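Examination of the molecular architecture
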Amino acid sequence: MVIPQHVAIILDGNGRWAKSKGMPRNYGHVRGAKNLEVICEDAYNMGIKYLTVYLFSTENWRRSKDEVDALMRLFRQYTKTCIKTARDNNMKVRVLGDPSALDPDLQESLRRLVESSKDNTGLNFQIAINYGSRDEIIRAVRRVAGDCREGKLRPEEITESLFSGYLDTAEVPDPDLLIRTSGEQRLSNYLLWQLAYTEFYFTEVPWPAFTKEELQKAIEKFNSRDRRYGGLKGE
Ligand code: IPE
Ligand code: IPE
Ligand code: MG
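This write-up is about the structure you can find in this document. All of these numbers come straight from a predicted model, not from anything done at the bench. (Residues numbered from 1 in each chain as written. Chains lettered and ligands numbered in written order. Predicted model: local features only at pLDDT ≥ 70, side-chain atom pairs only at ≥ 80, totals over all residues. Heavy atoms only, no water.)

Moving on, we get to the site of ligand 1. Taken together, 13 residues lie around ligand 1, and Asp12, Gly15, Arg16, Arg25 and Arg63 are the ones closest in. Asp12 is positioned with one of its side-chain polar atoms (N or O) 2.8 Å from an oxygen atom of ligand 1. For ligand 1, an oxygen atom lies 2.9 Å from a polar atom in the side chain of Arg25. For ligand 1, whose free accessible area comes to 380 Å², the fraction covered by protein is 88%. Those elements that place two or more of their residues in the shell around ligand 1 are α1 (14-20), α2 (25-46) and α3 (65-89). (Near = heavy atom within 4 Å. Polar contact = N/O pair within 3.5 Å; in protein donor to acceptor, adjacent residues only side chain to side chain. Areas by Shrake-Rupley, 256 points an atom, 1.4 Å probe, with all protein chains shown as cover. Helix = DSSP H or I, 4+ residues; strand = E, 2+ residues; numbered from the N terminus.)

Have a look at this one:
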């Protein structure tokens, strides 16, 4: 079985999962965060080298203040735990998205997390927080334009690979497999550039109930696909 090098996940359905148990949405987020730690370890043990997860979108600020506050509290805790997990499991963590809208203390913890794990050689773990693909592309375009204005770059030098280097995922290969849990079949502004040739897998299972077995199912499905990159397979 071929193990995809890079798996991206849209962790969806925390709220609906909690509701189905008669619990508040925030309980779903807490259980979802716990599950992320488990799946992270499973993914690495299965041989996945890059795991990129969507924690909070640029659109998620539109949720109720209560929910946004609870999510931010959870991210604070999660980031602290992740510093330890990254150390214990040799994980290298990168943050995708624009941290500037987050509270300064959360920004600081995220910086510490990235800095303290930068030399680790195990799982490459990307967390997308206040991430939106259109926002990422616009931020990249601004920097490209800035470099052109300063004479560091000529417009005719702008290629796909040069532009990729301006994105938040600069050092990360494109995902091979995208998984979205909980039934929705849309991208919700996730990795629009990077997913150009990625295989998509949608499952009804909500994120807090997503297990290693579900991840294996997604990988089996991925293996049964005839992967092409525009040409014919094997060309
Ligand atoms: C995903 O679960 C987590 C975040 C977007 C933060 P949701 O909160 O979107 O749960 P549903 O989709 O409403 O069930
Ligand atoms: C996408 O999920 C964002 C994250 C998982 C962080 P949403 O639940 O916010 O997406 P929509 O609103 O259903 O498209
Ligand atoms: Mg959702």
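What follows covers unusual backbone geometry. Here Ser182, not a glycine, exhibits a phi torsion of approximately 75 degrees, which is positive. When you line up the elements, Ser182 lands in the loop between β5 (177-180) and β6 (199-202). Positive phi values are uncommon outside glycine, yet Ser188 reaches one of about 45 degrees. By the element assignment, Ser188 lies in the loop between β5 and β6.

Around ligand 2 sit Ile10, Leu11, Asp12, Tyr54, Leu55, Phe56, Ser57, Asn60, Arg63, Arg180, Arg186 and Ser188, and those are all the residues in its vicinity. For ligand 2, whose free accessible area comes to 390 Å², the fraction covered by protein is 79%. Among the elements that take part in the shell around ligand 2, strand β2 (residues 50-57) stands out by supplying 4 residues, more than any other. By residue class, the composition of the shell around ligand 2 is 5 nonpolar, 3 polar and 4 charged. (Nonpolar A, V, L, I, M, F, W, Y, C, P; charged D, E, K, R; others polar.)

Our focus in this paragraph is the pairing of strand β4 (residues 124-131). Along β4, 8 of the 8 residues are buried, which leaves the element largely enclosed by surrounding structure. Pairing of β2 with β4, which is carried by 7 bridges, proceeds in the parallel orientation. Bridge assignment links Tyr54 to a residue of β4, and that residue is Ala128. Of the strand pairs in this sheet, strand β3 (residues 92-96) and β4 are connected by 5 bridges, and their pairing is parallel. Each bridged residue has a counterpart across the sheet, and for Val93 the counterpart in β4 is Phe125. For the crossover that starts at β3, traverses helix α4 (residues 104-117) and ends in the parallel β4, the hand is left-handed. (Buried < 20%, exposed > 50% of the residue type's maximum accessible area, 1.4 Å probe, protein only. Pairing = 2+ DSSP bridges. Right-handed = clockwise from strand over helix to strand, strands pointing away.)

Among the nonpolar cores identified, the biggest contains 43 residues, and Leu51, Val53, Phe125, Ile179 and Leu215 are the most heavily contacted of them. Elements supplying a minimum of two residues to this core: β1 (6-10), α2, β2, α3, α4, β4, β5 and α7 (212-224). The element best represented in this core is α3, accounting for 9 residues. Ignoring any residue separated from it by four or fewer positions in sequence, one finds Phe125 in contact with Leu36, Cys40, Leu51, Val53, Tyr78, Cys82, Met91, Lys92, Val93 and Arg94. Of all hydrophobic cores here, the second largest spans 10 residues; its members include Tyr54, Tyr131, Tyr190 and Leu195. (Core = buried A, V, L, I, M, F, W, Y, C linked by side-chain atoms within 4.5 Å. Contact = heavy atoms within 4.5 Å.)

What follows is about the side chain of Asn60. Note that Asn60 resides in the loop between β2 and α3. Here the side chain of Asn60 touches Ser57 through a polar contact of 2.8 Å, landing on its backbone nitrogen.

With that settled, the discussion passes to α4. Taking 1.5 Å per residue as the helical rise, α4 with its 14 residues ought to reach 20 Å, and the 20 Å between its terminal C-alpha atoms agrees with that figure. If you check which residues of α4 are buried, you get Leu106, Gln107, Ser109, Leu110, Leu113 and Ser117. Taken around the axis of α4, the buried residues stretch over an arc of 165 degrees, which confines them to a single face. If you follow the buried residues of α4, they end up packed against α3, β3 and β4. (Expected span 1.5 Å × (residues − 1). Arc of directions from axis to C-beta.)

Right, let's talk about the packing of aromatic side chains for a bit. The tally for this structure, following the rule as stated, stands at 10 aromatic pairs. Where Tyr54 meets Tyr190, the ring centres are 4.3 Å apart and the plane angle is 10 degrees; that geometry is what we call stacked. A residue pair is termed long-range when its members are at least 10 positions apart, and Tyr54 in strand β2 and Tyr190 in the loop between β5 and β6 qualify at 136 residues. Like Tyr54, the residue Tyr190 is buried in the burial classification. Measuring from ring centre to ring centre gives 6.0 Å for Phe56 and Phe75, while their planes differ by 80 degrees; the resulting arrangement is edge-to-face. In this pair, Phe56 sits in strand β2 while Phe75 sits in helix α3, placing the two residues 19 residues apart along the sequence. (Phe/Tyr/Trp six-rings, centres within 6.5 Å; stacked < 30°, edge-to-face > 60°.)

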